[in-house]
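# Understanding the architecture of this molecule
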Amino acid sequence: MDSRQEVNERVDVVATFGTGLDICIPRKIRRPNGREIDVTELGLRHPTVYGKRTIHVFEVTDGGSDYRLAFDAERLTWHLTHQMSRDA
Amino acid sequence: MREEYNSARPMVMHIDLNSCFATIEQQARVGLRGRPIGIVNRNTENTAIVTASYEAKARGVKIGMRLKEARKLCPDIIGIESDPPKYRYVYHKLMEIMSDYSAHFRMKSIDEGVIDFALSPEAIAGRDLVEIGYEIKQRLRDEIGCAMRCNIGIAPNRFLAKTAAGLHKPDGLDVITHENLREVLGTLELQDLTGIAARNEHRLNAVGIYTPLEMLDADVSTLRLAFKSVVGEWWHQRLRGWEVDDVDYELKSCGRQYVLESPHLSRRQIVQRLHHLVESVGAKLRSQGKVARGVSIYVRTYDRGGWKGHELAGLPFFSDQAIWTMAERIFMSAPARGIKMISVTCYHLSDGLGNQLSLFGDQLAREQHVTLAVDEINGRYGPRTIHSADTLGTGIYVKAKIPFGSTRYL
């Protein structure tokens, strides 16, 4: 089955906000253990709603693993929710 | 009844996202690109594949196959649990793109839509539709992602446009006109035509029709004899490129089914899951502004048997409580053992949450207000913020899945 692992940790994120089709792109993630992840590609960004709250989900990769980030547009917080390794 | 082929300029475009959910997952998760994947609704080996990537299809994996069966053909297939919000997002993006070309577009399901250019502004309708088709393909890649692909078919009517969209998968673009109609139909089997499956094929065989070309050449009376209804006349027109499918169907029933996660659940646990389904069906019913008069329960058992029970009420209802009262009563007569799947359907639907309800007393009016208040809270704070205590804990099993067929709930 899928190699997806639930992580659910609050992370620091460096993101760029531009004027192109992908308005917001996460570039770098720092996990609570200090490990840094350099994002090499944004796969897809899609909004989800939980009641009236909008959470933007970013599926990104560092070239080795894929990651799922959630940005809470109301609380302005980033969470790393899942990590997917490629050796499934 | 028109005997000639429709020779008008083809103005209907059918757009079909290729292996939609699998492609979207491959777009989102870069590590899945180029690999065989199967989208499943539950993270188990016994679950059926809803969509397979082209890499999996190339190795014989088919939709509906169980993941463990697929693994025999393709040992490295990766089962990915479906993620409906992601697919809804792509559906809305596709809709946005289509709406740029015509106000007369319609989504046929979560992964396909039709644009009728006949009523578009001249600046758009006057353009080469093949060029617009390639432009839409490019926009999908630019606005959603580089892995997105779609098939496009252009023809004088919806049926032939869909047929054209299926000719060269993946990423094809084909046009059917009155000039190449016979040539195209000559390359197809009867079951390649949308709407012709085994049963209809048998009907056609019974009147001596074995190929789409023979079906095209058949006269109306032969087709009417095959289908034993006006459907034969519709096929006669449809195959000639005349429009018969531009119709909206009214919502006649509203339901949901659930395959139990284990064969070892107690009766009490099954009833809890049934109650969860009832709450989900109630929310769907009210989201369409409908009330119902009937509830039916269908149960499928492990020995491939089926059981059905239903009840019709004198007055229309729409609250979860009203549906549950009937559903619980009906389910008491259901088989005691070996239940594999349960489904709840509300039928005899009519419009409006009904001012007439309040005419029947304070109790119904109160129930109406409470139900609407609960819906409002769930709308504001998230689904199932308020639900019956009985269904506490069932949410991890009975998750919201992809609504196939209808786009009403997207």
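Analysis parameters
Residues numbered from 1 in each chain as written. Chains lettered and ligands numbered in written order. Predicted model: local features only at pLDDT ≥ 70, side-chain atom pairs only at ≥ 80, totals over all residues. Heavy atoms only, no water. Buried < 20%, exposed > 50% of the residue type's maximum accessible area, 1.4 Å probe, protein only. Helix = DSSP H or I, 4+ residues; strand = E, 2+ residues; numbered from the N terminus. Pairing = 2+ DSSP bridges. Domains from an automatic or database assignment. Contact = heavy atoms within 4.5 Å. Buried area = accessible area lost by both parts, 1.4 Å probe. Salt bridge = Lys/Arg side-chain N within 4 Å of Asp/Glu carboxyl O. Axes fitted to C-alpha atoms, helices over the stretch in contact; angles between N-to-C directions. Polar contact = N/O pair within 3.5 Å; in protein donor to acceptor, adjacent residues only side chain to side chain. Nonpolar A, V, L, I, M, F, W, Y, C, P; charged D, E, K, R; others polar. Phe/Tyr/Trp six-rings, centres within 6.5 Å; stacked < 30°, edge-to-face > 60°. Lys NZ or Arg CZ within 6 Å of the ring centre and 35° of its normal. Expected span 1.5 Å × (residues − 1). Parallel < 35°, antiparallel > 145°, perpendicular 65-115°, else oblique.

Our next topic: the pairing of strand S12 (residues 339-347) of chain B. All names here are of chain B. Taking burial as the measure, the nine residues of S12 include eight buried ones, the bulk of the element. Of the pairings in the sheet, the one linking strand S9 (residues 253-259) to S12 comprises seven bridges and is antiparallel in character. Each residue of the ladder has a partner; that of glutamine 257, found in S12, is serine 343. In the sheet, strand S10 (residues 290-301) pairs with S12 via eight bridges, with the strands oriented antiparallel. Residue pairing across strands places serine 296 opposite threonine 345, the latter belonging to S12.

Now for the domain arrangement of chain B. Residue and element names in this part refer to chain B. On domain assignment, one finds that chain B holds domain 1 (1-178), domain 2 (180-248) and domain 3 (253-396). On a C-alpha basis, the centroid separation for the pair domain 1 and domain 2 is 24 Å. Of the residues lining the interface, 21 residues belong to domain 1; the matching set on domain 2 comes to 24 residues. At the boundary of domain 1 with domain 2, total buried surface from both sides reaches about 2200 Å², with 55% on carbon and sulfur atoms. Counting the contacts that link domain 1 with domain 2 gives three salt bridges. As a salt-bridge pair, arginine 158 and aspartate 246 come within 3.5 Å of each other at their nearest N and O atoms. Taken together, the elements giving at least two residues each to the side of domain 1 that touches domain 2 come down to strand S5 (105-109) and helix H7 (158-165).

Strand order across the open sheet formed by five strands is S1-S8-S7-S6-S5 (chain A), with antiparallel pairing between neighbours. Of all the strands in the sheet, the pair left with one neighbour each is strand S1 (4-10) and strand S5 (41-50) of chain A. On average, each strand axis in the sheet is tilted by 20° relative to the strand beside it, whichever way the strands run. Sheet topology note: the strand S6 (residues 53-61) of chain A/strand S7 (residues 65-72) of chain A ladder contains seven bridges and is antiparallel. Along S7(A), the bridge assignment pairs Phe58(A) with Leu69(A). The strands touched by helix H4 (residues 84-99) of chain B are S5, S6 and S7 of chain A; relative to S5(A), the strand with the most contacts, the crossing angle is about 100°.

Further remarks concern the interface of chain A and chain B. With 22 residues of chain A at the contact, the number on the chain B side is 31 residues. For the pair chain A and chain B, the summed buried surface comes to about 2100 Å²; carbon and sulfur atoms form 56% of the total. In this assembly, chain A and chain B are joined by three salt bridges. Between chain A and chain B we count six residue pairs in polar contact (both at pLDDT 80 or more) in total. Contributing elements (two or more residues each) for the side of chain A that touches chain B: S5, S6 and S7 of chain A. In terms of residue count, S5(A) provides more of the side of chain A that touches chain B than any other element does, eight residues in total. Considered class by class, the residues forming the side of chain A that touches chain B number seven nonpolar, six polar and nine charged.

Moving on, we get to the packing of aromatic side chains. Taken as a whole and assessed by the stated rule, the structure comprises five aromatic pairs over all chains. Measuring from centroid to centroid gives 5.3 Å for Phe58(A) and Trp78(A), while their planes differ by 45°, and the two rings are tilted. Remark: Trp78(A) occurs in strand S8 (residues 77-85) and Phe58(A) occurs in strand S6; sequence separation between them is 20 residues. What makes Trp78(A) buried here is its relative accessible area of 9%. Ring geometry for Phe21(B) versus Tyr87(B): centroids 4.4 Å apart, planes at 20°, classification stacked. Taken together, the residues span a long stretch of sequence, with Phe21(B) in helix H1 (residues 20-28) and Tyr87(B) in helix H4 at a distance of 66 residues. On the basis of relative accessibility, which here comes to 1%, the residue Tyr87(B) falls in the buried class. Clustering of aromatic rings is evident, with ring pairs tying together Phe58(A), Phe71(A) and Trp78(A). If you follow Arg2(B) out to its NZ or CZ, it ends over the ring of Trp242(B), 4.0 Å from the centre. When the ring centre of Tyr54(B) is taken as origin, the NZ or CZ atom of Lys57(B), which lies over that ring, is 4.9 Å away.

The subject of this paragraph is the pattern of salt bridges. Applying the stated rule across the entire model yields 34 salt bridges over all chains. Residue Glu41(A) is joined to Arg33(B) by a salt bridge in which the shortest nitrogen-to-oxygen separation is 3.0 Å. Highlighted residues: Glu41(A) in strand S5 and Arg33(B) in the loop between H1 and strand S2 (37-40), drawn from two different chains. Residue classification places Glu41(A) among the partly exposed positions, given a relative accessible area of 27%. For Glu131(B), the salt bridge identified is with Arg127(B), shortest N-O distance 3.1 Å.

Moving on: unusual backbone geometry. Between Lys169(B) and the following residue, Pro170(B), the backbone shows a cis peptide bond with an omega angle of -10°. Positive phi outside glycine occurs at Leu76(A), with the angle close to 55°. Take Leu76(A): it is sitting in the loop between S7 and S8. Classification of Leu76(A) as exposed rests on a relative accessible area of 60%.

What follows is about helix H6 (residues 129-143) of chain B. Between its first and last C-alpha atoms H6(B) spans 20 Å; for 15 residues at 1.5 Å apiece the expected length is 21 Å, and the two agree. The residue sitting at the N-terminus of H6(B) and contributing the capping side-chain oxygen is Asp128(B); that oxygen lies 3.0 Å from the backbone nitrogen of Val130(B).

Our focus in this paragraph is the packing of H1(B) against H4(B). All names here are of chain B. At a closest axis distance of 10 Å, the pairing of H1 and H4 adopts a crossing angle of 100°. Between H1 and H4, the angle falls in the class roughly perpendicular. Every residue of H4 that contacts H1 at Phe21, Ile24, Glu25 and Ala28 is listed here: Lys86, Tyr87 and Val90. Among the residues forming the contact of H1 with H4, the class breakdown is five nonpolar, no polar and two charged.

On a regular strand, each side chain points to the face opposite its neighbour's, so the side chains alternate between the two faces of the sheet. Residues and elements named next belong to chain A. Among the eight residues in S7, eight count as buried, and that is most of the element. Of the two faces of S7, the one carrying Ser65, Tyr67, Leu69 and Phe71 and the one carrying Asp66, Arg68, Ala70 and Asp72 are both buried. Where S6 hands over to S7, the hairpin turn is made up of three residues, of which glycine 63 adopts a positive phi near 95°. Alignment of S7 against S8, held across eight bridges, turns out to be antiparallel. Paired with phenylalanine 71 across the two strands is tryptophan 78, which belongs to S8. Hairpin connection from S7 to S8: four residues lie between these consecutive antiparallel strands, with leucine 76 at a positive phi of about 55°.

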